Amino acid sequence: MIKPPKLQVGDTIGIITPSFPAPVQFEGRYQRGVEQLKRMGFKMKEGTCTYKTEGYRSSSIRDRADELNAFLQDPEVRAIMMGLSNFLEDGVSE
C-alpha cells in the first residue's frame, strides 16, 4: 500500500460529489464541514458536480468521473474528499 504524505496546513482539499447530491440536499451541514476544514487551515476546492442535481444523483456518470479525474490530475489538490456522499457508486471508480 502506498501512503500519501500527511496533509499540512495550507494544503488544498478537493471535494467531489460522486453519488447523492448531499451538498444540495443538506447545504447547511455541508457548509459547516467546509468551514471547519478551512478553520483547520486547509484550502478547499469544490468539484464541478457539487451543486448539481440529476434525479437522485449529483450528475451523470461521465460528469462525476470527470470531476474525480480533474482532481486526480490537479497538482494543487493534496487530498480528495466526498461531500457527505456515499462511496463511489455507479461505476465512477471503474
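Summary of the structure given here.

How each quantity is defined
- Residues numbered from 1 in each chain as written.
- Predicted model: local features only at pLDDT ≥ 70, side-chain atom pairs only at ≥ 80, totals over all residues.
- Heavy atoms only, no water.
- Pairing = 2+ DSSP bridges.
- Helix = DSSP H or I, 4+ residues; strand = E, 2+ residues; numbered from the N terminus.
- Axes fitted to C-alpha atoms, helices over the stretch in contact; angles between N-to-C directions.
- Contact = heavy atoms within 4.5 Å.
- Phe/Tyr/Trp six-rings, centres within 6.5 Å; stacked < 30°, edge-to-face > 60°.
- Buried < 20%, exposed > 50% of the residue type's maximum accessible area, 1.4 Å probe, protein only.
- Expected span 1.5 Å × (residues − 1).
- Arc of directions from axis to C-beta.

1. Comments concerning the sheet that holds strand S1 (residues 12-16)
Sheet architecture is open: three strands sit in the order S2-S1-S3, paired in parallel fashion. Strands with a single pairing partner mark the edges of an open sheet, and in this sheet they are strand S2 (43-46) and strand S3 (77-82). Sheet twist, expressed as the average angle between the axes of neighbouring strands with direction ignored, equals 30°. Across four bridges, S1 lies against S2 in parallel orientation. Counterpart to Thr12 in the pairing with S2 is Lys43. Docked against the sheet, helix H2 (residues 27-39) engages S1, S2 and S3, running at close to 145° with respect to S2. Lying on the sheet, helix H3 (residues 61-73) is in contact with S1, S2 and S3; it crosses S1 at an angle near 170°.

2. Focus: the packing of aromatic side chains
Counting across every chain of the model gives two aromatic pairs. Judged by centre distance (6.2 Å) and plane angle (45°), the ring pair of Phe20 and Phe26 falls under tilted. Its relative accessible area of 29% is what places Phe20 among the partly exposed residues. Here Phe26 falls in the partly exposed class, since its relative accessible area comes to 43%. Seen in terms of ring centroids, Tyr30 and Tyr51 are 6.1 Å apart; in terms of plane orientation they differ by 90°. Their pairing is edge-to-face. Linking Tyr30 in helix H2 with Tyr51 in the loop between S2 and H3, this pair joins segments that are 21 residues apart in sequence. Assessed through its relative accessible area of 3%, Tyr30 is described here as buried. On the basis of relative accessible area, Tyr51 is assigned to the partly exposed category, the value being 41%.

3. Observations concerning the environment of Pro21
Topologically, Pro21 is positioned in the loop between S1 and helix H1 (22-25). Given the relative accessible area of 1%, Pro21 is considered buried. The sequence separation of Pro21 and Glu54 amounts to 33 residues, and the corresponding C-alpha distance is 8.3 Å. In this structure, Pro21 is in contact with Lys52, Thr53, Tyr56, Arg57 and Ser58, ignoring residues within four places of it in sequence.

4. Notes on H2
Taking 1.5 Å per residue, 13 residues should reach 18 Å; H2 reaches 18 Å between its end C-alpha atoms and fits that length. Those residues of H2 that sit buried are Tyr30, Val34 and Leu37. Viewed along the axis of H2, the buried residues span an arc of 60°, placing them on a single side of the element. In H2, those exposed residues whose orientation departs by more than 90 degrees from the buried face are Arg29, Arg32 and Arg39. Where the residues of H2 are buried, they touch S1, H1, S2 and S3. Phi turns positive one or two residues past the end of H2, at Gly41, with a value near 100°.

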